[in-house]
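Working through the structure, step by step
Okay, here's what each chain looks like letter by letter:
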Amino acid sequence: MEIIESLEDIPVQNPQAEDFSYSDLTWTKFGTTEHHDVVAVIPYTRVEEFILGECANPESPTRFHIERRRERSCGSLKVFKPDEYLEYTKSLSLSQSPFTVLKCVFLKNLFCIYLLNKRYWCSFGPENYGEGGRVLPSRKYRLNTRNRAARPQSMRGCKCHFVVKRLYARPSLALIVYYERRHVNEAGFVCHGPLDRDAIGPGAKKIPYICNEIQQQTMSMIYLGIPEENVLEKHIEGVQRYCGPDATVDGLASQYVHKLGMIIKRSTHELDLDDHASIKIWAERNKKSIFTYQEDSESDQFVLGIQTEWQLQQFVRFGHCGLVAADSTFGIKRLKYPLCTLLVFDSRHHALPVAWIISRSNLKSDVDKWMKILLRRAQSVEPGFRISGFIVDDAAMEIDPIRDTFCCPILFSLWRIRRSWLRNVVKKCDTIEVQRELFKCLGEVVYSIWDGGLDTSKALERLTLDFSDQTAFMQYFTSTWLPKIGMWLSSIKSLPLASQEACGAIEAYHVKLKVKLFDDTHLNALQRVDWLVHKLTTELHSSYWLDRYADESDSFQNIQEEYIASTSWHRASEIPDSAVSLDSNDTSVAKVLSQRDTNVTRVVWNPCSEFAFCDCAWSLQGNLCKHIIKVNTMCENREGYGDSMSLRSFKEKLRSIKMKPMDDSMALDLSMSLALQMFDQIKQLVKLSGTDDISSIVNGLPVKWGCKKGRTTVGIPASIAAFTKKRSQKRKR
């Protein structure tokens, strides 16, 4: 747009509509190269109609009050230029909306002289009485409060304002310039109107009570694309639990659902064109959902840790004395920063995301920092919070911070290495016979770390010789895995291995996350962090919240059924034992009859192994299928079948414990004390699980006294003790 330096070159516009707004005018850059504004010239008699049009915008309705007024009498200037003006009015709006904020500027460098100066401000500002807002200091001039907002607490710090100046040389014309087009606060967010998520409005007393559960349920259903009619039906059912049936309540609930749906549909991840600025704005607004944030600099790497209040509740609920797992390297090739997810296992042993960490840093200092912050966050809710074990899936992951922070055993999951090998075997080998033999040989490489008669180097040599004709896969294996195979095998041997049920649950989360993020419609946004944060905190968070709500409240039957059957372990439990055929003469093959089509039989090669191979479509995609899990569970304790890798790892740990220390040494004393401690714990656990009357055990426990200061709160949950009334410290006279 060309910059115009003279008002005489700007055309006068007079729209035909009775009331008109910013979108009805054509705007021009007026000023110099160093300082210019977007302006428009209209008849002075139509200024009020322009203001009414701006106030009536449906996306950000507001009113404007006169913030400042300057006036000059006619004939006071004997010499003036064409761009000098009689009247100067500046209007500001405190509500944020898609249309711009008008400003008619007093340009001293262009010798603009005015007769009357009025500055208008949106009635939702400039003060901010909301959370985290500030009130402007006392003014030196009188403020017109006749057209202010209905209540002081309605003022949200809107920056929308504009100036109108009446030209001295042409009193019939008015010059308008937009300062800020949007109705936003200092943080850049919509602060009032239908697009404001926190807006309640003057009719708040008439709106029915909506608890956090109902609001989260409605938002989750909208994010998942459920039709508005079904969302409204469930929302009204929830509201009527508190208000009862009422036509007025139903009408207000319909408006609420429609408004919430409009806000969600129009919400965008791009709060700024620059990705770093956009994520900084998001972090400023969502401080309650962030447990660590470190900006990218020359000395520090970018780290963003996200945990909502609901995720914190689930972390404390299922993580306390339970297992925590990490899906640590998601999107390492396609995303700007890899995503690490911390998972807990709920009552159905499904993996539930309780924290997301977005960072490329694997430094021990960074990992130790956010882990300790996360632990303190959980202990602030439950002071005695601790976990029983931590499952890792990457051999390169730092485990020292885990041991130092959580003080728990560390287990290793094979699901990532198995999935990567199987996907590339199927992709790079043509026939299924070659695929199953090659995958079995890869399993033998891993099993060789426990077999004394087979060396790992010989197993690798056999792999390269027997499948030298499979050039595509061997090139992939030698370039990607051969340099680090020693590190992975060392971790597998030194750490206890997680079960197939845990591996299947982690893999189910990984697959769901991949489907949500790597959609074809969002491939252009993969390199933006704000897009990743938006997808995690809206669609994925809502999906898991609704899954848990449907399962616990026994509602949304379709969602509940899909949630229960989301892991291969639960799908395998639905297969009857009669559908599995095991041949005692040939232990290398097992057959499973399909439950959907009885004419189809699935074949499982190399059963009772983590590296079993199935010919079903789900397994050929690299996943752990239900047929393999069912066959492996039935092969346990049967003659002719070997032990699973996790069982071999468990036996190896027992053998290392059984090793006798040196006689009359301190190591013997330490081993004896640890063995007796473990024996007492196992004895109490067996006694607890074998009794039907818990009181018989509780009565036999020793009495444990608390200190005198805290006796009144001993045994009270932390959530209740926090609200106990403290004794007044005021001195009595």
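First, a word on what this report is: a plain description of the structure on this page. Not measured: the values here are computed from a predicted model.

A separate point is the overall build of the protein. A count of helical and extended segments in the protein gives 23 helices and 19 strands. By residue count, 46% of the 733 residues in the protein fall in the buried class. When contacts within the protein are restricted to residue pairs at least 6 apart in sequence, long-range pairs at least 24 apart make up 72% of them.

Turning to the sheet that holds strand 17 (residues 589–593), a few remarks are in order. Pairing in this open sheet of four strands is antiparallel, and the strands run 16-17-18-19 from one edge to the other. The open sheet has two edge strands with one neighbour each: strand 16 (580–582) and strand 19 (613–614). Direction of pairing for strand 16 relative to strand 17: antiparallel, over a ladder of three bridges. Within strand 17, the position partnered with L582 by the bridge is A590.

For strand 11 (residues 323–330), the tally of buried residues reaches seven of eight residues, placing the bulk of the element in the interior. Relative to strand 14 (residues 389–392), strand 11 is paired through three bridges, and the arrangement is parallel. From the neighbouring strand, L323 faces strand 14, where its bridge partner is G389. Bridging between strand 11 and strand 12 (residues 339–345) involves five bridges; their strand directions are antiparallel. Along strand 12, the bridge assignment pairs F330 with L339.

Applying the stated rule across the entire model yields 24 aromatic pairs. Relative to F518, the ring of F330 has its centre 5.4 Å away and its plane inclined at 15°; by these criteria the two rings are stacked. With F330 in strand 11 and F518 in the loop between helix 14 (500–517) and helix 15 (529–553), this pair connects stretches of sequence that are 188 residues apart. Sitting over the ring of W481, K484 keeps its end group 4.8 Å from the ring centre. Against the face of W618 rests R571, its NZ or CZ located 5.8 Å from the ring centre.

So, about the environment of P353. With respect to the helices and strands, the residue P353 is situated in strand 13 (residues 351–359). Each C-alpha atom, one on P353 and one on Y544, is 8.1 Å from the other, the two residues being 191 residues apart in sequence. Beyond its immediate chain neighbours, meaning those up to four positions away, P353 contacts Q311, T341, L342, L343, Y509 and Y544.

Let's shift gears to the environment of G305. Its location among the elements puts G305 in strand 10 (residues 303–306). We classify G305 as buried; its relative accessible area is 0%. C-alpha of G305 to C-alpha of S289: the two residues are 16 residues apart in sequence and 8.6 Å apart in space. Ignoring anything within four residues of it in the chain, the contact list for G305 reads S289, I290, F291, T292, W356 and I357.

Our focus in this paragraph is the sheet that holds strand 9 (residues 290–294). Taken together, the seven strands give an open sheet; going across it, the order is 9-10-13-12-11-14-15, and neighbouring strands pair in mixed fashion. At either end of the open sheet lies a strand with only one pairing partner, and these are strand 9 and strand 15 (410–412). With strand direction ignored, the average angle separating the axes of adjacent strands in the sheet is 20°. The strands that helix 6 (residues 309–319) touches are strand 10, strand 11, strand 12 and strand 13; relative to strand 13, the one it contacts most, it runs at about 125°. In this fold helix 7 (residues 364–381) packs onto strand 9, strand 10, strand 12, strand 13 and strand 14, with an angle of close to 155° to the strand it touches most, strand 9.

As a packed pair, helix 9 (residues 415–428) and helix 12 (residues 471–481) sit with axes 9 Å apart at the nearest point and diverge in direction by 150°. One finds that helix 9 runs roughly antiparallel with respect to helix 12. You can see that helix 9 and helix 12 cross each other, and the crossing is right-handed. Contact residues: helix 9 offers I417, S420, W421, N424, V425 and K428, while helix 12 offers A472, F473, Y476, F477 and W481. Here the contact of helix 9 with helix 12 is built from residues that sort into eight nonpolar, two polar and one charged.

Further remarks concern the pattern of salt bridges. It is possible for side chains bearing opposite charge to pair when their charged atoms get close. Summed over all chains, the structure comprises 22 salt bridges. With a closest N to O distance of 3.3 Å, D368 and K372 form a salt bridge. Of this pair, D368 and K372 both sit in helix 7, four residues apart, which is roughly one turn of the helix. Of the residues examined, D368 reaches a relative accessible area of 19% and is grouped as buried. By relative accessible area, which is 36% here, K372 ends up partly exposed. Residues joined by salt bridges that share partners form a network here, namely R317, D346, R348, R548, D551 and E552.

Take the nonpolar core next. It is characteristic of soluble globular proteins that their nonpolar side chains tend to be buried jointly. Grouped together as the largest cluster of nonpolar side chains are 121 residues, with contacts concentrated most on L342, I358, F390, F412, W421, F473 and I492. In terms of residue count, the dominant contributor to this core is helix 15 (eleven residues). Filtering out sequence-adjacent residues up to four positions away, L342 remains in contact with A325, A326, L352, P353, V354, A355, I357, W370, L374 and F390. Formed by 22 residues, the second largest nonpolar core is a distinct cluster that contains W27, F50, C55 and Y120.

It is the contact of helix 15 with helix 16 (residues 557–564), at a shortest axis distance of 8 Å, that shows an interaxial angle of 105°. As the angle between them shows, helix 15 and helix 16 are arranged roughly perpendicular. Here L546, D547, R548, A550 and D551 of helix 15 come into contact with helix 16, specifically with I559, Q560, Y563 and I564. Considering only residue class, the contact of helix 15 with helix 16 consists of five nonpolar, one polar and three charged.

A contiguous nonpolar patch, built from M678, I682 and V686 and spanning about 290 Å² of accessible area, is present on the exposed surface. Here M678 is to be found in helix 21 (residues 666–689). According to the relative accessible area criterion, M678 is partly exposed, its value standing at 46%.

Together, K333, R423, K427 and K484 make up a positively charged patch on the protein surface. Tracing the backbone shows K427 in helix 9.

Positionally, D275 belongs in helix 5 (residues 275–285). Within the structure, the side chain of D275 is placed 3.2 Å from the backbone nitrogen of D530, a separation counted as a polar contact. Apart from residues no more than four positions distant in its own chain, D275 is found in contact with K336, Q527, R528, V529 and D530.

Right, let's get into unusual backbone geometry. Of note, the phi angle at C407 is positive, near 50°, even though the residue is not glycine. Along the chain, C407 turns up in the loop between helix 8 (400–406) and strand 15. Unlike most non-glycine residues, N606 shows phi in positive territory, near 55°. Locating N606 in the fold gives a position in the loop between strand 18 (601–605) and strand 19.

Conventions we followed
Residues numbered from 1 in each chain as written. Predicted model: local features only at pLDDT ≥ 70, side-chain atom pairs only at ≥ 80, totals over all residues. Heavy atoms only, no water. Helix = DSSP H or I, 4+ residues; strand = E, 2+ residues; numbered from the N terminus. Buried < 20%, exposed > 50% of the residue type's maximum accessible area, 1.4 Å probe, protein only. Contact = heavy atoms within 4.5 Å. Pairing = 2+ DSSP bridges. Phe/Tyr/Trp six-rings, centres within 6.5 Å; stacked < 30°, edge-to-face > 60°. Lys NZ or Arg CZ within 6 Å of the ring centre and 35° of its normal. Axes fitted to C-alpha atoms, helices over the stretch in contact; angles between N-to-C directions. Parallel < 35°, antiparallel > 145°, perpendicular 65-115°, else oblique. Left-handed = near helix turned anticlockwise from the far one by under 90°. Nonpolar A, V, L, I, M, F, W, Y, C, P; charged D, E, K, R; others polar. Salt bridge = Lys/Arg side-chain N within 4 Å of Asp/Glu carboxyl O. Core = buried A, V, L, I, M, F, W, Y, C linked by side-chain atoms within 4.5 Å. Patch = residues over 30% accessible without salt bridge, like charges linked within 9 Å, V, L, I, M, F, W, Y side chains within 5 Å. Areas by Shrake-Rupley, 256 points an atom, 1.4 Å probe, with all protein chains shown as cover. Lys, Arg positive; Asp, Glu negative; His and termini not counted. Charge placed at Lys NZ, Arg CZ, Asp CG, Glu CD. Polar contact = N/O pair within 3.5 Å; in protein donor to acceptor, adjacent residues only side chain to side chain.

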